[in-house]
Amino acid sequence: MSTTGNAVSERSAPSGERPAAAAPAGGDERPAAHWFWRFLPGVAAYLALVALLLLADTPVSAIARYTGYALWGVMLPGTLVFRALRRRPHTLVEDLAYGAVTGLALELVAWFVLVSLGAQSVATAWPLAVVIPFLAVPALRRHWRPSGYTARTPLGWSWSVSGLVMLTGAYFYQDFLSKYPALSDSETSRIFGDMPYMLSLAANAKQHVPLTLPQASGEPLYYHWFSFAHMAMTSMVGHIDLPMVETRLMVPALAALAVVLTAVVARRLTGRVWAGPLAVVLLFVVTEFTAIYPNNVNTWTLGAPSIRLMYWSSLSYTYSQPLLIALLGVVGEALRRLRMTGAGENNPAPLFGRGVFVLVALFAVGSSAAKASTLPVTLAGLVVAGLVVLIATRRVPWTVVGLGAILASAQLFATAVIFNFESYGLEIIPLGNLQPFWGDPDHKRSALFQALLIVSALAAFVLHHHLKLVGMIPLIRRRRFKLDPLQWFLLGAAVAGPCAYLVVNGYNSSYFTLAALPFGAVLSAWGYCEAFERAALPRRAKAALAVGTVAFVALFTYAIYRYSADWQAYVLREVAGGDAHKSYFLLLPLVLAGAALAAIAAVCALLWWAGGRVWPALRGRGAVVLMTAILATGAPGVFHDAVQAREDVWAGTWSMPASQVDAARWVRAHSDPADVLATNSHCWEFDNYAYGRPCENTRSQWLSGYSERSVLIEGWAYAPRMVALTRGGTAYGGPFWDQDLFKLNEDAVYRPTEAVLRRLHDEYRVRYVVVLRPAGPESPRLGELAEKVFDNKQVGVYRIK
């Protein structure tokens, strides 16, 4: 995570002033660190992740294969292409981080070609399409061993980023890796509910372009499915079992890439070395501000949380993060061109050159169907920057226009081709996501009280997600909104995401808020670094601030963990009149805790001001201390979430008996990838059937997931046409849309005839009937008409002759 070269000192002075500037040749007399020490932080981070994977019972062979895949199938081709597109080298870690994301984008092209041609068997060789030209063409050979890196990466920076990679890995181990088995090993095994679904999409991506819905064979899948194409390529190139990719390898690897890339992008855009690790802390460590433990599911109406249920359970979000951060970085690089003709360029990082537009196109297309929320937020930020430049200069900013055309084209491609204009039930309803907090169907409240509740809900939304962005305030205030285009771009995107969430109704609109956080984190880190530099704290004061921040986070973490239940009981009794069913009750602990902390901060600020009259050293430095405390108020969330993962059984898990997994994987081993299965399993789980409860959630996905085969009709809750009926809901319990086909499917299990099985075989390519007996035992006639090839008492598998 470090590199040396002809060192150029990066600015530490505020952006509006003249830089200490590039040091003259030979001006930096510090000796370069030995290569061992430069690479040790990266090696240490890798070994720490390997150790965590081994603790989670990950086979050494799987880790080795994944490492080989990452180096050969992603890093190598991506880094070569990135070096050919960027003009001048800056740091080695930048080449590798951007190169890895470039590799992810190139991988999508390779996947499309390989699967379209049916050439999956040679997937391992696809990087040769890049390697051979870079070996054969003289002008490209120099990118194998570039020279002339213009900046040195301090070892402190490298170790900070390495430590943050280790911290995220430890979090995932606690919350995910050690919690769920890669494959069920008992009848009582449990798994997060969406994992079989995501597994089934990755399996489908091995065979289909574009993807279809595995739980309803042939049904189009209008969804952001690029992450599953990535999983398919990981499996095909690395020869790794898909469940191992999903449950062990993919999440920590992509999270580590996002951490390093965030640090690289923030450093490059701001020109400040330490803005990189700070941006990582704000994005990955500082989470939501909340006064509640354990986290109450109902508070999610404030927006999807940035930790729980996101990075490890929404694999599309996991995959989209590096692409979004890279897109943020290269669009920002292009906008730096405009800054040079404005306030003056004071960032020593060399511009990428014209190749930046190719990189923008690569990352925009990759982002387009990685997560549907990323491009709209990026486009909004770019529109804000373009309008500001147009108004300020009265000239058309053609750079912004060109960037906008690229992003808009990628968005149109995703909307029309991938999503088929499917909205998944999202609707334009201003403040619709927050309305449950002030609902008053009987109209018993006064207009004044309702207005107060609306303001409180908006305040809670800001407190919950956006305290980490307070660092941008001094930057904006000092410039009096005279920001350069890059800063307007970051600010516009940071604001656009939450605004979209407040306008577009539906749980999935929460991802707009999450998509905006990287932009805000970089801008907040930028502003904080400027304020910190102006404060010019002496060494002892810096140490005191660091120790005080750690102590504050520890105390606040413990206080919430220990006393939040008492706090909620107090608020319920004294403010909500003892009625926990009042719509606004869930707002109160958060809002009142925020008000209490604000009052404490005001008192401390007054005391600091008074102290400054006695001790001049305090003057002009209180703002940094206050801002540090505000940024740190969200840090307890990540620790609470890790603890809660152990103390509370997560409601989103379901039973995944080993007998079902074994049966599905038997089918996988003894069938052709083009074979279709029929089954009587359509519902979430069958534990409740003994109590006579009907199926109310058609989310059976285990068979398609673990068999890696399409099923004629399994669960249909996630079919786009069904999700639209629930207006973005996650569970549909109504009937299948084609009742004639559904009857044919059920007849194969419960009322089989030779004609029924022959029709399934000839018209729908059904080769196996898989019977889940807890859902209902099969007819004895099925064994006479089809060959029983597998039976473990819970599941029977029949081959249609």
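Caption draft 1: Local environment of the overall build of the chain. Assigned secondary structure in the chain consists of 28 helices and 9 strands. Computed over the C-alpha atoms, the radius of gyration of the chain is 28 Å, within 12% of the 28 Å expected from 2.2 N^0.38 for a compact globule of 801 residues. With the C-alpha coordinates of the chain rotated into their principal frame, the extents come out at 95 × 80 × 50 Å. The burial tally for the chain puts 58% of its 801 residues in the buried class.

Caption draft 2: Structural detail: the packing of helix α16 (residues 472-479) against helix α17 (residues 485-503). Relative to each other, α16 and α17 sit at 130°, their axes nearing to 12 Å. Relative to α17, the element α16 is oriented oblique. Both α16 and α17 take part in a crossing whose hand is left-handed. Together, Met-472, Leu-475, Ile-476 and Arg-479 of α16 and Gln-487, Leu-491 and Ala-494 of α17 make up the contact between the two elements. In the contact of α16 with α17, the residues fall into 5 nonpolar, 1 polar and 1 charged.

Caption draft 3: A look at the nonpolar core. Ranked by internal contacts, the top residues of the largest apolar core, which has 218 residues, are Tyr-98 and Trp-111. At 19 residues, helix α9 (residues 242-270) tops the list of elements feeding residues into this core. If we ignore the near neighbours within four places in the chain, the residues touching Tyr-98 are Phe-82, Leu-261, Val-264, Val-265, Ala-326, Gly-329, Val-330, Phe-352 and Phe-363. Among the nonpolar cores identified, the runner-up in size contains 25 residues, and Ala-457, Leu-463, Tyr-501 and Val-571 belong to it.

Caption draft 4: Here's a closer look at the sheet that holds strand β7 (residues 766-772). Across the sheet, 5 strands lie side by side as β6-β5-β7-β9-β8; this open sheet has mixed pairing. Only two strands of the sheet have a single neighbouring strand rather than two, namely β6 (710-711) and β8 (786-791). The pairing of strand β5 (residues 676-679) with β6 spans 2 bridges and is parallel. When the bridges of β6 are listed, Leu-677 appears paired with Val-711. Most of the contacts of helix α27 (residues 754-764) go to β7, to which it runs at about 125°, and overall it touches β5, β7, β8 and β9 (795-800).

Caption draft 5: Local environment of the pairing of β5. What you see with β5 is no split at all: Val-676 and Ala-678 on one side and Leu-677 and Thr-679 on the other are buried throughout. For β5 and β7, the ladder comprises 4 bridges, and the chain directions are parallel. Along β7, the bridge assignment pairs Thr-679 with Val-770.

Caption draft 6: Structural detail: helix α2 (residues 60-85). Over its 26 residues, α2 extends 36 Å from the first C-alpha to the last, a length consistent with the 38 Å expected when each residue adds 1.5 Å. At Met-75, α2 shows its largest kink, close to 35°, and the proline Pro-77 lies no more than four residues downstream.

Caption draft 7: Expanded view of the environment of Leu-572. The topology assignment puts Leu-572 in helix α19 (residues 539-574). Those residues in contact with Leu-572 that sit more than four places away from it in its chain are Gly-577, Gly-578, Asp-579, Ala-580 and Phe-585.

Caption draft 8: Representation of the confidence of the model for the chain within the structure. Per-residue confidence for the chain gives a mean pLDDT of 88; residues scoring 70 or more make up 91%. In the model, residues 340-344 has pLDDT below 50 throughout and makes 3 contacts with residues more than four positions away in sequence or in other chains.

Caption draft 9: Layout of the packing of aromatic side chains. Taken as a whole, this structure holds 27 aromatic pairs when the rule is applied. On the basis of an interplanar angle of 20° and a centroid distance of 6.3 Å, the ring pair of Phe-289 and Phe-556 is categorised as stacked. With Phe-289 in the loop between α10 (275-285) and α11 (315-340) and Phe-556 in helix α19, this pair connects stretches of sequence that are 267 residues apart. Assigned by exposure class, Phe-289 and Phe-556 land together as buried. Taken together, the aromatic side chains of Trp-716, Phe-736, Trp-737 and Phe-742 make up a single cluster linked through ring pairs. A cation over an aromatic ring shows up here: Arg-267 above the ring of Trp-157, its NZ or CZ 5.7 Å from the ring centre. Above the plane of the ring of Tyr-511 lies Lys-371, whose end atom (NZ or CZ) is 3.7 Å from the centre.

Caption draft 10: Up close: the pattern of salt bridges. Within the structure shown, the criterion is met by 26 salt bridges. Glu-533 is the partner of Arg-272 in a salt bridge, and the nearest nitrogen-oxygen pair spans 3.0 Å. Of this pair, Arg-272 sits in the loop between α9 and α10 while Glu-533 sits in helix α18 (residues 510-535), and the two are 261 residues apart along the sequence. A relative accessible area of 2% means that Arg-272 is categorised as buried. Classification of Glu-533 as partly exposed rests on a relative accessible area of 22%. Connected via shared salt-bridge partners are Lys-206, Asp-241, Arg-665, Arg-668 and Glu-708.

Parameters at a glance
- Along each chain, the written sequence defines residue order, and numbers are assigned to residues from 1.
- Reporting of local features is limited, given that this is a predicted model, to residues whose pLDDT is at least 70; pairs of side-chain atoms are given and counted only at 80 or more, and all residues count toward the totals for whole chains, interfaces and linings.
- Calculation of side-chain values draws on the structure's entire complement of heavy atoms; hydrogens and water are dropped beforehand.
- Put simply, DSSP marks the helices as runs of H or I at least four residues long and the strands as runs of E at least two long, and each gets a number from the N terminus on.
- Values of the radius of gyration come from C-alpha atoms, whereas the globule rule sets the reference at 2.2 Å times the count of residues to the power 0.38.
- For every residue, the accessible area obtained with a 1.4 Å probe (protein chains only) is divided by the maximum for its type, and the residue is called buried under 20%, exposed over 50%, and partly exposed between those limits.
- Comment: axis = line fitted to C-alpha atoms, over the contacting stretch for helices; angle = value between 0 and 180 degrees taken between N-to-C directions.
- Orientation labels follow simple angle bins: below 35 degrees gives roughly parallel, above 145 gives roughly antiparallel, 65 to 115 gives roughly perpendicular, and whatever is left gives oblique.
- It is the rotation of the near helix from the far one that decides the hand of a crossing: anticlockwise by less than a right angle makes it left-handed, clockwise makes it right-handed.
- The contact definition used throughout considers only heavy atoms, calling two residues in contact when any of these lie within 4.5 Å.
- Here the term charged refers only to Asp, Glu, Lys and Arg, the term nonpolar to Ala, Val, Leu, Ile, Met, Phe, Trp, Tyr, Cys and Pro, and the term polar to all other amino acids, Gly among them.
- Among buried residues, the Ala, Val, Leu, Ile, Met, Phe, Trp, Tyr and Cys ones that are joined through side-chain atoms within 4.5 Å form a nonpolar core.
- We call two strands paired when DSSP finds no fewer than two bridges between them.
- Here the expected length of a helix is defined as 1.5 Å per residue gap, with one fewer gap than residues.
- Throughout, the bend at a residue refers to the angle made by two axes, fitted to the seven residues ending there and to the seven starting there.
- Note on scores: pLDDT gives the predictor's confidence for each residue, bounded by 0 and 100.
- For Phe, Tyr and Trp, rings pair up if their centres lie within 6.5 Å, where Trp contributes its six-membered ring, and each pair is then called stacked (planes under 30 degrees apart), edge-to-face (over 60) or tilted (otherwise).
- In this scheme, the term charge over a ring applies when either NZ of a lysine or CZ of an arginine sits within 6 Å of the ring centre and within 35 degrees of the ring normal.
- Salt bridge, as applied in this entry: a Lys or Arg side-chain nitrogen positioned within 4 Å of an Asp or Glu carboxyl oxygen.

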